[in-house]
Amino acid sequence: MARPGFYFIEPFTEDFLRILRVEKVLFQGRTKHQLVHCFESRIFGKMLFLDGKIQSAEVDEGIFHECLVHPALLSHPRPQKVLILGGGEGATLREVLRYDCVKRVMMIDLDRQLVQISRRYLPEWSKGAFLSPRVKLLFREARSYVEKTKHKFDVVISDLTEPLRGTPSVPLFTREFFTRVFEILGDSGVFVLQAGSADPHYFHFFGSCARTLKEVFPIVRPYWIFMFSFSLPWGFVLASRAVDPLKLGELELGRRLAERKVRGLGYYRPKLHRTLFSLPPYLDRAIRSGRVLEDKEPFIWEA
Amino acid sequence: MSRPVPSSFKPAEFREWHTPSSGLFFLAKRSLFSGRTPFQKVDVIETESFGRVLLLDGLVQTTEKDEFFYHEMLVHPAMVCHPAPEEVLIIGGGDGGTLKEVLRYPIKRAVMVEIDGEVIQVCKRYFPWLKPALRDKRVELRIADGNHFIQESNRKFDIVFVDSSDPVGPSTVLHQRSFFLRLKEHLKRGGVVAAQAGSPLYHFSSLRKKRLFLRKMFRFVLFYLAPVPTYPGCMWSFLFLSDRVNPLPKKIKKNPPVGLRYYNQEIHRAAFALPPFLK
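Along each chain, residues carry numbers from 1 onward, in the same order as the chain's sequence is written. Chain labels run from A onward and ligand labels from 1 onward, assigned in the order the entries are written. In view of the model being predicted, local features appear only for residues whose pLDDT reaches at least 70, and side-chain atom pairs are presented and counted only at 80 or more, with totals across whole chains, interfaces and linings using the full set of residues.

Chemist: For this particular structure, what's the right way to read the overall build of chain B?
Modeler: Numbering of helices and strands runs from the N terminus; a helix is a DSSP stretch of H or I covering at least four residues, while a strand is a stretch of E covering at least two. Secondary structure assignment for chain B yields eight helices and twelve strands. Across its three principal directions, the C-alpha atoms of chain B cover 60 × 45 × 35 Å. Once C-beta atoms are placed from the backbone, each residue is buried if 20 or more other C-beta atoms lie within 10 Å of its own, exposed if 12 or fewer, and partly exposed for counts between those two. By residue count, 44% of the 279 residues in chain B fall in the buried class.

Chemist: How should the sheet that holds strand E3 (residues 41-47) of chain B be read in this particular structure?
Modeler: Pairing between sheet strands relies on hydrogen bonds along the backbone, with the strands arranged either parallel or antiparallel. Residues and elements named next belong to chain B. Spatially, E1-E2-E3-E4-E5 is the arrangement adopted by the five strands of the open sheet, whose pairing is antiparallel. Because the sheet does not close on itself, it has two edges, and the strands there are strand E1 (12-19) and strand E5 (59-63). The mean inter-strand angle of the sheet, taken between neighbouring strand axes irrespective of direction, is 45°. Pairs of strands are assigned from DSSP output, requiring at least two bridges between the strands. Two strands pair when backbone bridges link them, and strand E2 (residues 22-36) and E3 are joined in this way by seven bridges, in the antiparallel orientation. Following the sheet pairing, Arg36 is matched in E3 by Lys41. Any two residues are considered in contact once their C-beta atoms, placed from the backbone, lie within 7 Å. Whenever a helix is involved, its axis is fitted only over the stretch in contact; in every case the axis is a line through C-alpha atoms, and angles between N-to-C directions fall within 0 to 180 degrees. Where helix H3 (residues 117-126) meets the sheet, its contacts fall on E2, E3 and strand E4 (51-56), and the angle it forms with E3 comes to roughly 10°.

Chemist: Just to check I follow, could you spell out the domain arrangement of chain A for this structure?
Modeler: Residues and elements named next belong to chain A. The domain boundaries here were taken from an automatic or database domain assignment. Parsing chain A into structural domains produces domain 1 (7-55) and domain 2 (61-288). When each unit is reduced to the centre of its C-alpha atoms, the spacing between domain 1 and domain 2 is 23 Å. For the side of domain 1 that touches domain 2, the per-class residue count stands at eight nonpolar, four polar and five charged. Ten residue types, Ala, Val, Leu, Ile, Met, Phe, Trp, Tyr, Cys and Pro, are classed as nonpolar, four, Asp, Glu, Lys and Arg, as charged, and the remainder, Gly among them, as polar.

Chemist: Please clarify how the interface of chain A and chain B should be interpreted in this entry.
Modeler: In many analyses, interface size is given as the accessible surface area lost on bringing the parts together. Across the contact, eleven residues belong to chain A and eleven residues belong to chain B. Looking at which element gives the most residues to the side of chain A that touches chain B, the answer is helix H3 (residues 112-121) of chain A, with three residues. Classifying every residue of the side of chain A that touches chain B by side-chain character gives three nonpolar, three polar and five charged.

Chemist: In this structure, what is going on with helix H1 (residues 67-81) of chain B? I would like to understand it.
Modeler: Turn by turn, an α-helix covers 3.6 residues, leaving residues three or four places apart pointing in a common direction. To estimate how far a helix should extend, the number of its residues minus one is multiplied by 1.5 Å. Helix length check: H1(B) (15 residues) gives 22 Å between terminal C-alpha atoms against 21 Å at 1.5 Å per residue, within 8%. At B:Met73, H1(B) is deflected by roughly 30°, the largest bend along its length, and proline B:Pro77 occurs up to four residues later in sequence. Bend, in this description, refers to the angle at a residue between axes fitted to the seven residues ending there and the seven starting there.

Chemist: Help me understand the sheet that holds strand E11 (residues 220-227) of chain B, please; the structure alone is not making it clear to me.
Modeler: All names here are of chain B. Read from one edge to the other, the open sheet built from seven strands follows the order E8-E7-E6-E9-E10-E12-E11, with strand pairing classed as mixed. Both edges of this open sheet fall to strand E8 (139-143) and E11, since each of them pairs with a single strand only. Ignoring which end each strand starts from, the neighbouring axes of this sheet average 15° apart. Bridge count between strand E9 (residues 157-163) and strand E10 (residues 187-198): five bridges; the pairing is parallel. Bridge assignment links Val160 to a residue of E10, and that residue is Val193.

Chemist: Explanation requested: the nonpolar core in the structure shown.
Modeler: Across soluble globular proteins, nonpolar side chains have a tendency to be buried as a group. The biggest cluster of nonpolar side chains holds 158 residues, and the ones touching the most others in it are A:Val96, A:Ile157, A:Phe236, B:Val160, B:Ala194 and B:Phe238. For this core, the leading source of residues is H1(B), giving nine residues. With residues near it in sequence (within four places) discarded, A:Ile157 still touches A:Leu68, A:Val69, A:Ala72, A:Val82, A:Ile84, A:Leu85, A:Thr92 and A:Val192. Among buried residues, those of type Ala, Val, Leu, Ile, Met, Phe, Trp, Tyr and Cys that are joined through C-beta atoms within 7 Å form a set called a nonpolar core.

Chemist: What exactly am I supposed to notice about unusual backbone geometry here?
Modeler: Residues other than glycine predominantly adopt negative phi, and peptide bonds predominantly adopt the trans conformation. Residue and element names in this part refer to chain A. Unlike most non-glycine residues, Lys127 shows phi in positive territory, near 45°. Residue placement: Lys127 occurs in the loop between helix H4 (123-126) and strand E9 (135-139). Accessibility expressed as a C-beta count within 10 Å gives 20 for Lys127, which makes it buried.

Chemist: I would appreciate a short explanation of the pairing of strand E8 (residues 104-109) of chain A in the present structure.
Modeler: The side chains of a regular strand alternate, residue by residue, between the two faces of the sheet. Residue and element names in this part refer to chain A. For strand E7 (residues 81-86) and E8, the ladder comprises five bridges, and the chain directions are parallel. Bridge pairing in E8 places Leu85 opposite Ile108. On the question of chirality, the crossover connecting E7 to the parallel E8 by way of helix H2 (residues 91-97) is right-handed. As paired strands, E8 and E9 are joined by five bridges and run parallel to one another. Each bridged residue has a counterpart across the sheet, and for Met106 the counterpart in E9 is Lys136. Here a crossover is taken to be right-handed if, once the strands point away from the viewer, the path from the first strand over the helix to the second is traced clockwise.

Chemist: Just to check I follow, could you spell out the domain arrangement of chain B for this structure?
Modeler: All names here are of chain B. Its domain assignment divides chain B into domain 1 (12-63) and domain 2 (67-278). On a C-alpha basis, the centroid separation for the pair domain 1 and domain 2 is 23 Å. Taken together, the 17 residues of domain 1 in the interface contact 18 residues of domain 2. Secondary structure elements with two or more residues in the side of domain 1 that touches domain 2: E2, E3, E4 and E5. With four residues, the top contributor of residues to the side of domain 1 that touches domain 2 is E5. A class-by-class count of the residues in the side of domain 1 that touches domain 2 yields ten nonpolar, six polar and one charged.

Here it is in structure tokens:
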């Protein structure tokens, strides 16, 4: 029997909802750009919802952010300059800063207030990462930054919200944008993005992102994990100009982790690296049947 | 996270103004860290005389060399007088000094409620005692507003330490009547509150106000004093609050833990002696 109290309803689709008991509201309100809810729940710990959709939860944000960051940063022979698009909670930043070879991280997030809220209420995510002198944080549109910047980066990480209708994320998942990302990457540059759910019902976004990246990058390696707090399998796509993450052996990955002084990981390990990239047939089909996303017809998340 | 310091770094002067015409200064060998959290400006500097110094919004909070005066005197009078403390709450205390002293006792649980999670990350890096303290299984760290925590939680404690910053600025609420009223509800039978109470010289009027309302709340309301060389005026005051535990019994039954540098039983008695201007 459910305990009495306040419950948060998160719609997955029009027909399918998830109901969660809220132990404590840490923050709820609207920033200039989105609706923000920070809750504490018993099974997932602290949770962050943006526009009503789960972004991350204390219990497994480590899994998500480690899997977003480490395959890309380990694939690159010597990542020094990293660009993060989005990632306002600061956990992606935290994972990037584990690498002592990383000299400079540029982080572009549109929502200044969200960063303040995260630092205040979810400090477990950033663990002080925003205080690092290696970090430069800019609050502006990722698209215009990427189009105008003269910098070159070794790794670009896209940690953006899903392209819900009318949100600023929509133009950040198109062939034109990915082409510009390709141009600002160095010779062995690597691009990685979180690409939405990879469940058997709504895999179109994941498939289309991978399909679109194949138009731009010579090497495209989609991968996935299961996210407990999302109650869904989740997709990522790594796209690279020259290096192939699948050509890295366990020994080499272990050596790179040690050399770059990356310690204290809770999920990612060299032994797991290859399994991340093993996709089931339905996801292969999802990529084959994916659409090439273009500025004139971008992806609009409708699940 | 450390800021690379050029070899040509000249000793920088850090001044803390205590009154418009006086204060304290340090010549820093180097600046170890400087940054801004959502709550405050944080600096860690390295000095010849006091080792590493933590400044919040430009005010000295802790130094490696003299932290023991403050932390031992906040913690041990209450811990020694309480017959068997098991559950301890620390409000504030992000630098971990108070926690370190509390963990010297065989307690069951220490809950630390600190508002600024990023200060903890900085201190973990620069003050050697914090990391091992946070690894201790008895410790439960909560990043939350101490005032909110006591409004929402219904847990009870044997001893509550209020390790706040000064009664001016963001910690103002932790020095007010409503806060202490609620705090009392979180005390178990025979519980004790020990709170830092500011400088008897510079925060004199706040001390007097506090004594007035606290006397209506607790049977034992005693100020006690200790020197803290790097705090304004050097002389620092603390509050001992309880309904059942008398901090000045005929015989203090428990011995303090070994290895302390300032606190002992003679100091305990002497600390509760007040000069006429504070009586």
